[in-house]
There are 2 protein chains.
Amino acid sequence: MAKLRAATTTRLDPQADRAEWLDTIIRGDCIAKMEALPAGSIDVIFADPPYNLQLGGDLHRPDQSKVDAVDDDWDRFESFATYDNFTRAWLLAARRLLKPNGTIWVIGSYHNIFRVGSIVQDLGFWLLNDIVWRKANPMPNFRGRRFQNAHETMIWASRDQNAKAYTFNYDAMKAANDDLQMRSDWLFPICSGGERLKAEDGRKAHPTQKPEALLARVLLSSTKPGDVVLDPFFGTGTTGAVAKRLGRHFVGIEREEAYITAAQARIDAIEPLDLHTLQTVGSKRAEPRVPFTSLIEAGLVAPGAELTDSRGRWTANVRADGTIAIGDHAASIHRLGAKVQGLDACNGWTFWHLRSPKGLQVIDELRQEIRDRMALVGA
Amino acid sequence: MAKLRAATTTRLDPQADRAEWLDTIIRGDCIAKMEALPAGSIDVIFADPPYNLQLGGDLHRPDQSKVDAVDDDWDRFESFATYDNFTRAWLLAARRLLKPNGTIWVIGSYHNIFRVGSIVQDLGFWLLNDIVWRKANPMPNFRGRRFQNAHETMIWASRDQNAKAYTFNYDAMKAANDDLQMRSDWLFPICSGGERLKAEDGRKAHPTQKPEALLARVLLSSTKPGDVVLDPFFGTGTTGAVAKRLGRHFVGIEREEAYITAAQARIDAIEPLDLHTLQTVGSKRAEPRVPFTSLIEAGLVAPGAELTDSRGRWTANVRADGTIAIGDHAASIHRLGAKVQGLDACNGWTFWHLRSPKGLQVIDELRQEIRDRMALVGA
DNA sequence: ACTAATGTTGAATCTAAAT
DNA sequence: CATTTAGATTCAACATTAG
């Protein structure tokens, strides 16, 4: 508490009370604790607030195992209005803490991000980008009633419309992206394996731990070494861990003692990188998956076109939805290839051919054509 | 106007006034014209509302009157409120038009999508997915002060939270995507080249023409052939062109005569795909139910026969009434399958097998045999 | 000590028809 | 309306166990 009392006044020299709260985790409600910190003292805020998931009953996988849902108390709100009020309050407190050229990041899903984004705009922040985190390994949709929810959204905003001198390390981002501008869609795996913190009972320490790679790109793009990064929903401290490793200062606010304990131990074990190493952080792209529909969409295969195998034993028709059919039996290129041969599996890409002026052309070549085009535009 | 007057009443037989407005472009303000169409007459709405918010000196109100440069808080708040009111009004009119199991798509960028999404939720729609359109060839960021804005966001929502029977062609999407669930991030090139409509002066006919491939996936995923698709911001008619090609009906609403002229010519030139090409892979849910007793009645399974699971761990006896039993415990194929495994649920069709000369045969194959016979006699 | 097979899990607004 | 029953539904990463 002594620490906090010192921080409640803004008249102190920022350097003088630095040691009081810098690189610490403050326990308590984030709104009250943010109000106790000096105005204009933070360079960048990263916030991962509750998503207000509004889950119904239990969900089971096809093998009947139960999905471990996020049903924690901190994610329960009575109504949209309640959630909006909460969001407005913490965003207002956060804005007060930002330096004039500070920026804020907020991550969310479709459950909450539209409300967050609207309130961010209403409070006078200025949107710079919305960033899509494409999950390399998202949870499937188990009931087949929607598209697989394979991404989350981050909002990046400056404190004011006229704040033009915010930090954006354009060249570092471009260099890290094969000398192409860093796009607004980022591909990262979810946090799992050794990176995922475990409680003593072996279960996950926090239900929604974010991957360090995501935070690393956030901080490398929008902060400079020595900057102060605040995370008002600190959880198990991914923001603090990455900030420390990258030579940035952090401040965390968290209510739950168990999360704080885990976060502190995690951060204590972090060894900061030397400045030289900080210069470069690469990103790799995997060979992109190309759905068969892309060939239709790109005009390389027309709906209604005929596909045959290499020896012309079977002929199938391409349908508008990207399936192919023999008679009334429609399936994917793989399933139908397996079906006609009486096999369990078949690589449709190498099995099916398209008649062209220069003879039969395996559709795998058309897929390569798509990949070449994608590589050209840096997708 | 005569057309519209007929459409203002909901008492008419839907078939009778179909020809009046179906597959036409209605000229006028979308809110007024939507209010003149019969309630509950639309299966799917695709909306590409104006994004032109906060674009420096080029800010326009929804009525297209120009707003002076935004340079203070009051003015900015005023413009958000204006946009919100407009958004609420057209979404309300749109919701009235939807059938109970209808769904709506709205596309936008970070300038407007958060406001749209919040209002969609506030009006009682239920979010199903947010879909990210990743642009294969987005415009670069010229000043190097932000990430390249490489995506747009679509919201997909049902009319009500409890509307569970909306159309989602899960199996077709999966088959078209290499037999993997279709994700929420879609990759398409922007509309350019030959697909991009040109005005007589050679310049683009519409500033934000969407690619047909994007609309094709939207309609193939969430509509059935013959469905009615409304686009209240029709522009140069991408929605109508794709709907016609895919055997769906369209209704377009558009204010600008120049756009309507271009759209009508474009749509007139579209040749619909034949029905065969439009058929999609069948979903299991849509197949007729077959009671287990039908297998006994058809002689495919004899009363007293033994069923086992694939690994022979459990054996049950078939009873004449269509239940199966282990000892004295008789139940349906599903209940008993769940019971022996200690689970809440089980698909008995894929769990139980019958011993046959060529080894174990899953009873789901026998069900397929019944379905094939039913199809033969047109049942 | 390897490889192969099997099991576990992740921010999830996750069914449909018959009674 | 609510309740019951049928029966449809998963991908990638990682960990663990079996061979």
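Residue positions are given per chain, counted from 1 along the sequence in the order it is written. In the order they appear in the text, chains get letters beginning with A and ligands get numbers beginning with 1. Where totals are concerned, whole chains, interfaces and linings use all residues; where local detail is concerned, this predicted model gives features only for residues with pLDDT of at least 70, and gives and counts side-chain atom pairs only at 80 or more. Only heavy atoms go into the side-chain values, all of them from the structure, while hydrogens and water stay out.

As a reminder, the rule being used: UniProt positions are given in the numbering used here, feature names are shortened, and annotations may be inferred rather than shown by experiment.
In the nomenclature of an unreviewed UniProt entry, chain A is known as Methyltransferase of Aureimonas glaciei. Note on chain A: under the UniProt heading Catalytic activity (unreviewed entry), the record states "a 2'-deoxyadenosine in DNA + S-adenosyl-L-methionine = an N(6)-methyl-2'-deoxyadenosine in DNA + S-adenosyl-L-homocysteine + H(+)". UniProt, in its Sequence similarities (unreviewed entry) section for chain A, records the words "Belongs to the N(4)/N(6)-methyltransferase family."

**Considering the protein's contact with DNA strand C**
All names here are of chain A. How we decide: Throughout, near means a residue has at least one heavy atom within 4 Å of the molecule or strand. In the analysis that follows, any N or O atom pair within 3.5 Å is treated as a polar contact, provided that within protein one partner can donate a hydrogen and the other can accept it, and provided that, for residues neighboring in sequence, both atoms belong to side chains. Gly falls in the polar group here, along with every residue not listed as nonpolar (Ala, Val, Leu, Ile, Met, Phe, Trp, Tyr, Cys, Pro) or charged (Asp, Glu, Lys, Arg).
Close to DNA strand C lie 40 residues, the nearest being Gln 54, Arg 61, Tyr 110, Met 139 and Arg 143. Each atom of DNA strand C within 4 Å of the protein was assigned to sugar, phosphate or base; sugar and phosphate come to 43%. Between a phosphate oxygen of DNA strand C and a side-chain N or O atom of Asn 149, the distance comes to 3.3 Å. In the model, a base nitrogen of DNA strand C is placed 3.2 Å from a nitrogen or oxygen of the Lys 210 side chain. Taken together, the residues of the surface near DNA strand C break down into 18 nonpolar, 8 polar and 14 charged.

**With respect to the packing of aromatic side chains**
Stated formally: Two aromatic rings, drawn from Phe, Tyr or Trp (for Trp, its six-membered ring), form a pair once their centres lie within 6.5 Å of each other, and the interplanar angle then sorts them: stacked below 30 degrees, edge-to-face above 60, tilted otherwise. Numbering of helices and strands starts at the N terminus; helices are DSSP runs of H or I of at least 4 residues and strands are runs of E of at least 2. Between buried and exposed lies partly exposed: a residue is buried under 20% and exposed over 50% of the maximum accessible area for its type, with that area taken using a 1.4 Å probe on protein chains only.
One pass over the full model with this rule turns up 37 aromatic pairs over all chains. Aromatic pair Phe 147 of chain A and Phe 168 of chain B: ring centres 4.8 Å apart, planes at 70°, arrangement edge-to-face. With Phe 147 of chain A in the loop between strand E4 (126-135) and strand E5 (151-158) and Phe 168 of chain B in the loop between strand E5 (151-158) and helix H6 (170-176), the pair connects residues from two separate chains. In this structure, Phe 147 of chain A and Phe 168 of chain B share a single accessibility class: buried. Following the ring pairs from residue to residue traces out a cluster consisting of Trp 105, Trp 156, Tyr 166, Phe 168, Tyr 170, Trp 186 and Phe 188 of chain A together with Phe 147 of chain B.

**What to know about the interface of chain A and chain B**
Selection rule: Contacts are assigned to residue pairs that have any heavy atoms within 4.5 Å of one another. Note: buried area is the sum, over both parts, of the accessible area (probe 1.4 Å) each one loses when the two are combined. Salt-bridge detection follows one rule: a side-chain nitrogen of Lys or Arg within 4 Å of a carboxyl oxygen of Asp or Glu.
On the chain B side, the residues contacting the 79 residues of chain A number 75 residues. Here chain A meets chain B over a buried area of about 7,000 Å², counting both sides, of which 50% is carbon and sulfur. Looking at the side of chain A facing chain B, the largest losses of area belong to Phe 114, Arg 145 and Phe 147 of chain A, adding up to 13% of the total buried there. The interface formed by chain A and chain B contains 5 salt bridges. Between Glu 297 of chain A and Arg 217 of chain B there is a salt bridge; the shortest N-O distance is 3.4 Å. Counting the contacts that link chain A with chain B gives 47 residue pairs in polar contact (both at pLDDT 80 or more). Elements supplying a minimum of two residues to the side of chain A that touches chain B: helix H5 (113-122), E4, E5, helix H6 (170-176), strand E6 (185-188), helix H11 (293-297), strand E12 (329-331) and helix H12 (333-341) of chain A. Along the lines of polarity and charge, the residues of the side of chain A that touches chain B split into 37 nonpolar, 25 polar and 17 charged.

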